[in-house]
Amino acid sequence: MAETTWRADLTAYRAVLGSRVRAQASYRTSFATDLATAFLVGVVELAETWVVFSQVDVLGGLSFAAVLLVFGLSNICFATADLVVGHLDRLPRYIQAGTIDVFYLRPQPLLAQLVTSEISLRRLTRIGVGVIALVWGLSVNDVPDPARAAAVVALSLVFGTVVFAAQFVTAAGCQFWLVNGAELTNSFTYGSSYAASQPASVFGTVLKLTFGYLVPAAFVGYLPTLVVLGLPGPSLLPAWLAWCLPLAALWSCLVAGLVWRAGVRHYQGAGG
Amino acid sequence: MGTWQLVRAGFRQQSQYRLAMVAGLATNCVFGFIRASVLLAALDASTGAFAGYTRESLAAYVWISQALLGAVLLMVPTTAVGERIKTGDIAVDFLRPVSLLAGHLWMALGRGLFTLLPRGVPAVVVGTLTVGWFLPGGVAPYLLGAVSVVLAVAGSYLGAHCVALAGFWLVETRGLNALYGIVATFLAGLFVPVDLFPGWLRGLAALTPFPTFLQYPVDVLSGRVVGLDAWSHLATQAGWLLGMLLLAQLLATLGRRHLEVQGG
Amino acid sequence: MSVVEVDRLVRDFTVREPVPGRRLRRRARQVRAVDGLTFTVGPGEAVGYIGANGAGKSTTIKMLAGILVPTSGTVRTCGTDPVRARRRLARRIGVVFGQRSQLWWDLPLAESYDILAAIHRLEPARARRRRAELVEELELGGFLATPVRQLSLGQRMRAEVAAALLHEPELVVLDEPTIGLDVLSKQRLREFLVHERGSRGTTLLLTTHDMGDVERLCERVLVVDHGRLAYDGSLSGLAATVAAERVLVVDLAEPVAPLQVPGTRHLGSEGDGVRQHLAFDPTRTTAAAVLAQVQRAAEVRDLSVAEPDIEDVVRRLWSRSR
């Protein structure tokens, strides 16, 4: 029974998502503009990193070529998470307009419905920028152990996306308490994405602990890059930690689950 | 409504979103910490002149720019005007006695200046507590800085306003807004000071009004640029402001004609 | 077994408001939206749930649908706890929120129904049959290919009702279904609901500001005021209790002195007596009877019958019970 229920829900999600894809693709011009814009946004962000390297050769122990890997990995993961769950930041509007109630009237879990209610295809080109940076980075760096590098990159792409997706859910969960709090939660997600694209070795102890462990942003780009290049890593963030990325993802999901649950209960007015 | 009432209305409107204020402040601080770490590490690693920046002036740059960010609103180019053009309510605005631009501009100034208190001041305090004292001595930087900040707030609003007016001709302005937001923040020097850009990029930035939205007020307020140079900064800001005022008026006139021809 | 069972239901909200004189201070205040409601609705009943704005109607509906948790008391819908069994319940109830669309605004209407069929896991054959039925009865055929955002209010409302009924729910809750509709659209919607209930035995619960809805659709009325049940009984009983009057407005061919019609009260005249307002008790006489008498005295050009205002009914009910 559980199996068939799950399958039936899958059909429902697919029906909604399919309609979203068709709707976006049907507005050709605006879709093309959106794709181009997202690409340019990604390019400008890469340029921000590059400008720093116009002043220095090495930052936090990494060359520009090495930072390309950090940027590529973190950007692919963030943009993918953004594509899949980024629209959760519309929750404040749904709550204010009361349209959130409509989701309650359907026989699927609330979060699953919200996640599948939209898909922001325009972020595809943003992922593209990340892929370009990653491939470029992999081709210009010396990679001592290609097999190990491939493994850690794969790990990063899968679980790094989970880390960011969980952060979007955490941020959305907070929206049930905050009126007009979209900026706070956006800053949380965009802040951690910004932190993830920097070499974490430049951070002081507090930031290392914050973006290394509390919000595991350094696990997505920086630590895997150390493994790819065979570098040891700074204090508090040794390179071998990169292999613990699944644990970091689990931790992020745990936080997201708790916050989301508490948020929903708060909205319904049960306890708290 | 008189000018002063509009400024006050903008001020009051903003004071209702206390949580948003806390949120904005938290954002500014988190980004401030990250940016300060990156730029100070770059300064340490640099063997060149680093555009004359020292630890103090770089810290001042990071934290003062974070403090001003809420007021100059570079990241959020969407304005009420854009929304009204989209819904067609703009037709009503054209019938009002107050000029379309003046009403919004004064409100934006009030909003921006209010934001400085709860968001700007604490950000500077957080900065000085973490990296040490970086504010300039003497009165001149603060007086000139105040003028520069007002010009920057007005200028950045006008820039967003002009982009919003493009909505008269475009069906969908989301892409344009996003692009404007990212290009403006980059060329304003939010992530890296404009003076650290390679020469050609610095030249490109100087051809846009964006550095006058952030780099200029930060330079003046932090005392990095003083005397005649500071006055020249203010003059450049005023020049761009005037140019954008004219552009905004022109776009509004053309947009109005477009509406009349198209019938909304 | 009852379809809806509400027992001593209470729901509080916390409202934050500024403290007068201190601009930056806010204080929290508890507001009781629903205050000890008790009632049941049996299978196949049609119940009008009426009350002024802010009387607690929407809050009650949200608790019935499992969207809100009661502060105290119990609520059971279709025999289950609506919050714990929300997902199972969602397949057995249909809700139309007048202001909150469950359709996809940028898609053709037909596509919304395909998606809803998938969401409610309807078998394709059954979904097709049911959709055809609803399309015919609610006359949606002409605009199935139109994007929802381009529908008129009347069309959209009928489309919303079809969306809520697609999965053949046992209980249908309608929150202000006729608000803003023209007379013809109202009439069509009411006819459809009467037919739907007659053919399937669907239980209906509707909130409305329109006495006409209640009169044509419901045999039982619940009046809620300040979160409390002020009346539970038949509509005629309610009218008798509060003497809810209807008003006949007649436009005459020429000015006439205030009309004196037995069984009515003359409320006022406009334009020197070209238009006159006559109040009558619908349980004692009919609009037709009053009109017949008016026509004996003057030539009638046009007429309308104003329904009693719900706010007015509730106010009378409240002042009477005190």
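Residues numbered from 1 in each chain as written. Chains lettered and ligands numbered in written order. Predicted model: local features only at pLDDT ≥ 70, side-chain atom pairs only at ≥ 80, totals over all residues. Heavy atoms only, no water.

- The name given to chain C in an unreviewed UniProt entry is ATP-binding cassette domain-containing protein, with Auraticoccus cholistanensis as the source organism.
- Under the UniProt heading Subcellular location (unreviewed entry), the note attached to chain C is "Cell membrane". (UniProt positions renumbered as here; feature names shortened; annotations may be inferred.)

- Under an unreviewed UniProt entry, the name given to chain A is ABC transporter permease, and the source organism is Auraticoccus cholistanensis.

### Here's the deal with the confidence of the model for chain C
All names here are of chain C.
Thought 1: Residue-level pLDDT values for chain C average 86, and 90% of them are 70 or greater.
Thought 2: Mean pLDDT values over the elements of chain C span from 65, in helix H10 (residues 310–321), up to 94, in strand E4 (residues 72–77).
Thought 3: Across the assembled chains, the prediction reports ipTM 0.88 with pTM 0.84. (pLDDT = per-residue confidence, 0-100. Helix = DSSP H or I, 4+ residues; strand = E, 2+ residues; numbered from the N terminus.)

### With respect to the interface of chain A and chain B
Thought 1: On the chain B side, the residues contacting the 33 residues of chain A number 34 residues.
Thought 2: Carbon and sulfur atoms make up 75% of the surface buried where chain A meets chain B, a total of about 2,900 Å² over both sides.
Thought 3: Per-residue buried area on chain A facing chain B is highest for Glu48, Gln55 and Tyr194 of chain A; these three make up 21% of the total on that side.
Thought 4: Counting the contacts that link chain A with chain B gives zero salt bridges.
Thought 5: The interface formed by chain A and chain B includes one residue pair in polar contact (both at pLDDT 80 or more).
Thought 6: Every element with two or more residues in the side of chain A that touches chain B is listed here: helix H2 (28–53), strand E1 (58–59), helix H9 (182–196) and helix H10 (205–214) of chain A.
Thought 7: With 12 residues, the single largest contributor to the side of chain A that touches chain B is H2 of chain A. (Contact = heavy atoms within 4.5 Å. Buried area = accessible area lost by both parts, 1.4 Å probe. Salt bridge = Lys/Arg side-chain N within 4 Å of Asp/Glu carboxyl O. Polar contact = N/O pair within 3.5 Å; in protein donor to acceptor, adjacent residues only side chain to side chain.)

### Let's talk about the sheet that holds strand E8 (residues 220–225) of chain C
Hydrogen bonds along the backbone pair up the strands of a sheet, which may run parallel or antiparallel.
Residue and element names in this part refer to chain C.
Thought 1: Strand order in the open sheet formed by six strands is E5-E6-E7-E3-E8-E9, and the pairing between neighbours is mixed. Here the strands that pair on one side only, and so sit at the sheet edges, are strand E5 (93–97) and strand E9 (228–233). Each neighbouring strand pair of the sheet contributes to a mean axis angle of 15°, computed without reference to strand direction. (Pairing = 2+ DSSP bridges. Axes fitted to C-alpha atoms, helices over the stretch in contact; angles between N-to-C directions.)

### Notes on the interface of chain A and chain C
For an interface, size is often stated in terms of accessible area lost upon the parts coming together.
Thought 1: Listed per partner, the contact involves 30 residues of chain A and 28 residues of chain C.
Thought 2: Broken down residue by residue, the surface that chain A buries against chain C is led by Leu105, Arg106 and Pro107 of chain A, which jointly contribute 27%.
Thought 3: Scanning the region where chain A abuts chain C turns up six salt bridges.
Thought 4: Among the salt bridges present, the one from Asp106 of chain C reaches Arg20 of chain A, with a minimum N-O distance of 2.6 Å.
Thought 5: For the interface between chain A and chain C, the tally reads 14 residue pairs in polar contact (both at pLDDT 80 or more).
Thought 6: Counting only elements with at least two residues in the side of chain A that touches chain C, the list comes to helix H1 (2–26), helix H5 (100–104), helix H6 (110–115) and helix H12 (245–268) of chain A.
Thought 7: When residues in the side of chain A that touches chain C are grouped by element, the largest group, 11 residues, is from H1 of chain A.
Thought 8: When its residues are assigned to classes, the side of chain A that touches chain C shows 16 nonpolar, nine polar and five charged. (Nonpolar A, V, L, I, M, F, W, Y, C, P; charged D, E, K, R; others polar.)

### Some details on the sheet that holds strand E11 (residues 264–270) of chain C
Residue and element names in this part refer to chain C.
Thought 1: Read from one edge of the open sheet, four strands run E11-E12-E10-E13, paired in antiparallel fashion. The open sheet is flanked by E11 and strand E13 (300–306), the only strands paired with a single partner. Neighbouring strand axes in the sheet, compared pairwise and without regard to direction, differ in orientation by 20° on average.

### Some thoughts on a nonpolar patch on the surface
Residue and element names in this part refer to chain B.
Thought 1: Residues Trp169, Leu170, Leu176, Leu247, Leu250 and Leu254 make up a contiguous nonpolar surface patch of roughly 500 Å² in combined accessible area.
Thought 2: Looking at which element gives the most residues to the nonpolar patch, the answer is helix H11 (residues 227–262), with three residues.
Thought 3: For Trp169, the location among the structural elements is in the loop between helix H7 (140–165) and helix H8 (174–188).
Thought 4: Residue Trp169 is classed as partly exposed on the basis of its relative accessible area, which comes to 38%. (Patch = residues over 30% accessible without salt bridge, like charges linked within 9 Å, V, L, I, M, F, W, Y side chains within 5 Å. Areas by Shrake-Rupley, 256 points an atom, 1.4 Å probe, with all protein chains shown as cover. Buried < 20%, exposed > 50% of the residue type's maximum accessible area, 1.4 Å probe, protein only.)

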